[in-house]
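Take a look at the letters that make up each chain.
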Amino acid sequence: MPTMPGDAPDHHAMALIEAHWSVDDSRSGSRLPDRSRFFSAINAFIGAPPRGDMQIAILVIDTATPNQYEELARVLGRDEADLFRDASARWISACLPAHTKLYSLSSVRFGCVLQVDTPSDFEETLDRLAYRIRTPDPAGWSIPVATSVGIGVACHPHHGADAAELLRAAGSGVHESLQSGKPWCAYSPVFDRASIRTAHLLRDLGPALTGDQFHLVYQPKTDLSTGRCIGAEALLRWNHPALGPIPPDEFVPLLERTTLVHAITNWTLGAALRQVALWRDAGLDPQISINASMRDLGDDHFAARLAGLFERHAVRPDWIDIEVTESALMKDPVRVRRQLDEIRRLGVAIEIDDYGTGQSGLSYLKYIPASYVKIPQVFVFQLASDRNDQIMVRSTIDLAHDMGLRVVAEGIRDEAALGWLREHGCDIGQGNVFSPPLEAVQFERWLRNARYSPFYSTNPQVVT
Ligand code: C2E
Ligand code: MG
Ligand code: MG
């Protein structure tokens, strides 16, 4: 068991800690000593003469995310949110080893200092503590709202030399604990490397747009009943001058947190429509799908912008599909629905991308004016052997067909999955079994020379 600061009355640091907070008098989070006192306490502990191998550990505990707390205050009122904060403070105090002082760093963030005898015992203590803190207090707050709880730990001197560094490190630990769902996380420099990369990417997104670092690739889509390539999905690529290719799964979510999202979608739409116009002029007729970001659909002018771009590039709306994900609708359903209706009125087909991976459920199919449902690769990769995937994909195909929608499967990697999908009536397929995403010139060559899949023996292999 670690020794707690309160167990060491001879410790000279104790004299420097002004607030003497214990379980009994921790009635209100707002009356807890604040951040500046926490700073002083940490510095006092680490400035005290070392006692054997004893280490100082800083714990930072989040009882909810700031958004959850704001939501609580908005829905239930500020007084009720304060009661939640106070009940959390009481409960954490009760879970901490006796005489440990708790500090309030914000309405949802608390901190304390623990002394560590041996690391393995300390880990056990943290496990127990995290378990208790996460187990709701039966006599606590009367409204049983579930919030995210995260605990971060930083040890002196390994994770920081002073209070500021230790608090920052423990804060990184909390963030990691909340993100990963782990009960507690001790600081690791890996967390910083991830955030430094994120910071670099965020900083470099703007220059990338003007610096020719983005381009589009095209992944063929094939009509599964005939084996004929009917078009492609346009996919964004970012080639960072120092970090190399950045996967869209990494930079698109970042993009959605910046004001650049509309500029980059404009760029994507412009580049795709320009290319479509060139292909049509050359006598080719691929149907091109473009991914719309969640934020685009919350923009009241998105459909109007799209209409302007069709006119500028002399592209007919029915040559284009827009792919939208379920998460887009969940943010602001009324506004997004309005945009989708307008897009549909322009004559653009809508595809529901990654269907079934969000939390919106079946009502989504009724709500969106879609023409296609796209089955995500996670359900397709193991399709030939995974019975659960088969059940889900088969029922999605049947449901979509019954509702008059066509079905696209993405992530078809092998002939077995392709065979299964054909047998079960899936309409369109996309995946590496046909082709990975291609540069525009390669896709054009593909369209001209290999328009029919070789897996369809009755079809011609080469069309001129
Ligand atoms: P998505 O829209 O669901 O795109 C399909 C993803 O599945 C693409 O990944 C594609 O390369 C991949 N894929 C398809 N078949 C296979 C296969 O057989 N094997 C493997 N391993 N992968 C396959 P990509 O290009 O990495 O894009 C990832 C996600 O990034 C996209 O998922 C989309 O959500 C987003 N994204 C890509 N381009 C754009 C864009 O222009 N705008 C927006 N807003 N998002 C984009
Ligand atoms: Mg897509
Ligand atoms: Mg998808």
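First, a word on what this report is: a plain description of the structure on this page. (Residues numbered from 1 in each chain as written. Chains lettered and ligands numbered in written order. Predicted model: local features only at pLDDT ≥ 70, side-chain atom pairs only at ≥ 80, totals over all residues. Heavy atoms only, no water.)

## Digging into the coordination of the magnesium ion (ligand 3)
- Summarising the metal site, the magnesium ion (ligand 3) is bound by the protein donors Asp353 (OD), Asp354 (OD), Glu410 (OE) and Glu410 (OE), whose distances to it range over 2.2 to 2.5 Å.
- Within one chain, the residues serving as donors to the magnesium ion (ligand 3) are arranged as D-D-x55-E.
- Between the magnesium ion (ligand 3) and the magnesium ion (ligand 2), both coordinated by aspartate 353, there is a metal-metal distance of 4.0 Å. Taken together, the positions of aspartate 354 in the loop between strand E11 (349-353) and helix H13 (363-367) and glutamate 410 in the loop between strand E13 (406-409) and helix H16 (415-423) put the pair 56 residues apart, joining distant regions of the chain. (Donors = N, O, S within 2.8 Å, 3.2 Å for Na, K, Ca; no water. Helix = DSSP H or I, 4+ residues; strand = E, 2+ residues; numbered from the N terminus.)

## Description of the site of ligand 1
- Every one of the 24 residues lining ligand 1 counts as a neighbour, but Arg237, Asn291, Asp353, Gln377 and Asn432 are closest to it.
- A distance of 2.4 Å is found between an oxygen atom of ligand 1 and a side-chain nitrogen or oxygen belonging to glutamine 377.
- Note that a nitrogen atom of ligand 1 is positioned 3.3 Å from one of the backbone N or O atoms of glycine 411.
- Contact with the protein chains hides 83% of the accessible area of ligand 1, taken as 800 Å² for the molecule alone.
- Those elements that place two or more of their residues in the shell around ligand 1 are strand E7 (229-240) and helix H7 (248-255).
- A total of four residues in the shell around ligand 1 trace back to one element, the largest contributor, which is E7. (Near = heavy atom within 4 Å. Polar contact = N/O pair within 3.5 Å; in protein donor to acceptor, adjacent residues only side chain to side chain. Areas by Shrake-Rupley, 256 points an atom, 1.4 Å probe, with all protein chains shown as cover.)

## Remarks on the pattern of salt bridges
- Tallying each qualifying case throughout the model produces 19 salt bridges.
- Ionic pairing is found between glutamate 351 and lysine 221, a salt bridge with its closest N-O pair at 2.9 Å. Of the two residues, glutamate 351 sits in strand E11 while lysine 221 sits in strand E6 (residues 214-223), which places them 130 residues apart along the sequence. Here glutamate 351 and lysine 221 have matching classes, each one buried.
- A salt bridge links glutamate 410 to lysine 374; its shortest N-O distance comes to 3.5 Å. With glutamate 410 in the loop between E13 and H16 and lysine 374 in strand E12 (residues 372-375), the pair connects residues that are 36 residues apart, well separated along the chain. Like lysine 374, glutamate 410 is buried. (Salt bridge = Lys/Arg side-chain N within 4 Å of Asp/Glu carboxyl O. Buried < 20%, exposed > 50% of the residue type's maximum accessible area, 1.4 Å probe, protein only.)

## Concerning the coordination of the magnesium ion (ligand 2)
- At 2.0 to 2.2 Å from the magnesium ion (ligand 2) lie its protein donor atoms, namely Glu233 (OE), Asn291 (OD1), Glu323 (OE) and Asp353 (OD).
- Of note, the donors binding the magnesium ion (ligand 2) are all from one chain and are spaced E-x57-N-x31-E-x29-D.

## What about the packing of aromatic side chains?
- Inspection of the entire model under this criterion finds ten aromatic pairs.
- Consider the rings of tyrosine 187 and phenylalanine 191, whose centres lie 6.4 Å apart with planes at 90 degrees: the pair is edge-to-face.
- Residue classification places tyrosine 187 among the buried residues on the basis of a relative accessible area of 13%.
- The exposure class of phenylalanine 191 is buried, given its relative accessible area of 15%.
- Ring pairing ties together the aromatic residues Phe214, Trp238, Phe251 and Trp267, which thus form one cluster.
- One residue, arginine 337, lies across the ring of tyrosine 367, its end atom 5.1 Å from the ring centre. (Phe/Tyr/Trp six-rings, centres within 6.5 Å; stacked < 30°, edge-to-face > 60°. Lys NZ or Arg CZ within 6 Å of the ring centre and 35° of its normal.)

## Let's talk about the pairing of strand E10 (residues 320-325)
- Taken across its six residues, E10 has five buried, putting it largely inside the fold.
- Taken together, the four bridges between strand E9 (residues 287-291) and E10 define a ladder with parallel strand orientation. Considered in E10, the bridge of isoleucine 288 is made with isoleucine 320. (Pairing = 2+ DSSP bridges.)

## Focus on the packing of helix H10 (residues 302-312) against helix H12 (residues 333-346)
- It is the contact of H10 with H12, at a shortest axis distance of 8 Å, that shows an interaxial angle of 25 degrees. One finds that H10 runs roughly parallel with respect to H12. Crossing of H10 over H12 shows right-handed handedness. When H10 is examined against H12, the residues Phe302, Ala303, Leu306, Ala307 and Phe310 are found in contact with a partner set consisting of Gln339, Glu342, Ile343 and Leu346.
- Looking at the contact of H10 with H12 residue by residue, the class counts come to seven nonpolar, one polar and one charged. (Axes fitted to C-alpha atoms, helices over the stretch in contact; angles between N-to-C directions. Parallel < 35°, antiparallel > 145°, perpendicular 65-115°, else oblique. Left-handed = near helix turned anticlockwise from the far one by under 90°. Contact = heavy atoms within 4.5 Å. Nonpolar A, V, L, I, M, F, W, Y, C, P; charged D, E, K, R; others polar.)

## Let's talk about the pairing of strand E3 (residues 109-116)
- Taken across its eight residues, E3 has seven buried, putting it largely inside the fold.
- As paired strands, strand E1 (residues 55-62) and E3 are joined by eight bridges and run antiparallel to one another. Across the sheet, residue leucine 59 finds its bridge partner in E3, namely cysteine 112.
- Counted between consecutive antiparallel strands, the loop separating strand E2 (residues 103-104) from E3 contains four residues.

## Overview of the packing of helix H1 (residues 35-47) against helix H5 (residues 163-180)
- Axis separation between H1 and H5 bottoms out at 9 Å; the angle between their running directions is 110 degrees. When the axis of H1 is compared with that of H5, the two are roughly perpendicular. The two elements H1 and H5 cross, and the hand of that crossing is right-handed. Contacts from Arg35, Phe38, Phe39, Ile42, Asn43 and Ile46 in H1 reach Ala163, Ala164, Leu166 and Leu167 in H5.
- Counted by class, the contact of H1 with H5 contains eight nonpolar, one polar and one charged residues.

## Digging into the sheet that holds E1
- Strand order in this open sheet of five strands is E2-E3-E1-E4-E5, and the pairing throughout is mixed. Two strands bound the open sheet, and with one partner strand each, they are E2 and strand E5 (185-186).
- Here H5 sits on the sheet and contacts E1, E3, strand E4 (150-156) and E5; the angle it forms with E4, its principal contact strand, is near 145 degrees.

## Remarks on the environment of glutamate 444
- Structurally, glutamate 444 can be placed in helix H17 (residues 440-449).
- We classify glutamate 444 as partly exposed; its relative accessible area is 23%.

## Side note on a nonpolar patch on the surface
- Together, Val75, Leu76 and Val145 line one region of the surface with nonpolar side chains, adding up to about 230 Å² of accessible area.
- As for its placement among the helices and strands, leucine 76 is situated in helix H2 (residues 66-76). (Patch = residues over 30% accessible without salt bridge, like charges linked within 9 Å, V, L, I, M, F, W, Y side chains within 5 Å.)

Function-wise, these values are silent; they only describe arrangement.
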